[in-house]
Amino acid sequence: MEKILDRKIKIIWDFRGPNAARTAEHYRKHLEEFVIVEELKFDLSGVEHFGPTHSIAFLVVAEFELKEVKDILKPHRGQVYTGDL
């Protein structure tokens, strides 16, 4: 079993409305810049589209980085990330 601080957390921003897809794509660019500036452990970010009016942007962070990143970026929600990096 992995240690709790070794877990990867997917933090998520929801975007809704007719411009949701474009807004999520744009926000992802800012997340990529943030990863570089803050020298985060992982550099996995992305966008998912759930329909014409709902998209998300996400960033995967190490759990030990979560509090600081949450305080700065204010994600809407999060979940444990189990995928590959």
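Refer to the structure printed above.
Residues numbered from 1 in each chain as written. Predicted model: local features only at pLDDT ≥ 70, side-chain atom pairs only at ≥ 80, totals over all residues. Heavy atoms only, no water.

### Let's talk about unusual backbone geometry
Step number 1: A positive phi is found at Glu39, a non-glycine position, where the angle reads about 55°.
Step number 2: Mapped onto the fold, Glu39 is located in the loop between helix 1 (20–38) and strand 2 (45–51).
Step number 3: In this structure Glu39 comes out as exposed when scored by relative accessible area, which is 69%.
Step number 4: Although it is not a glycine, Lys74 adopts a positive phi angle of roughly 55°.
Step number 5: With respect to the helices and strands, the residue Lys74 is situated in the loop between helix 2 (66–73) and strand 4 (77–81).
Step number 6: We classify Lys74 as exposed; its relative accessible area is 55%. (Helix = DSSP H or I, 4+ residues; strand = E, 2+ residues; numbered from the N terminus. Buried < 20%, exposed > 50% of the residue type's maximum accessible area, 1.4 Å probe, protein only.)

### A look at the pattern of salt bridges
Step number 1: Enumeration over the complete set of coordinates arrives at five salt bridges.
Step number 2: Measuring nitrogen to oxygen at the nearest pair gives 3.0 Å for the salt bridge that ties Lys67 to Asp71. In this pair, Lys67 and Asp71 are both assigned in helix 2, four residues apart and thus about one turn of the helix distant.
Step number 3: By relative accessible area, Lys67 is classed as exposed at 59%.
Step number 4: Residue Asp71 is classed as partly exposed on the basis of its relative accessible area of 42%. (Salt bridge = Lys/Arg side-chain N within 4 Å of Asp/Glu carboxyl O.)

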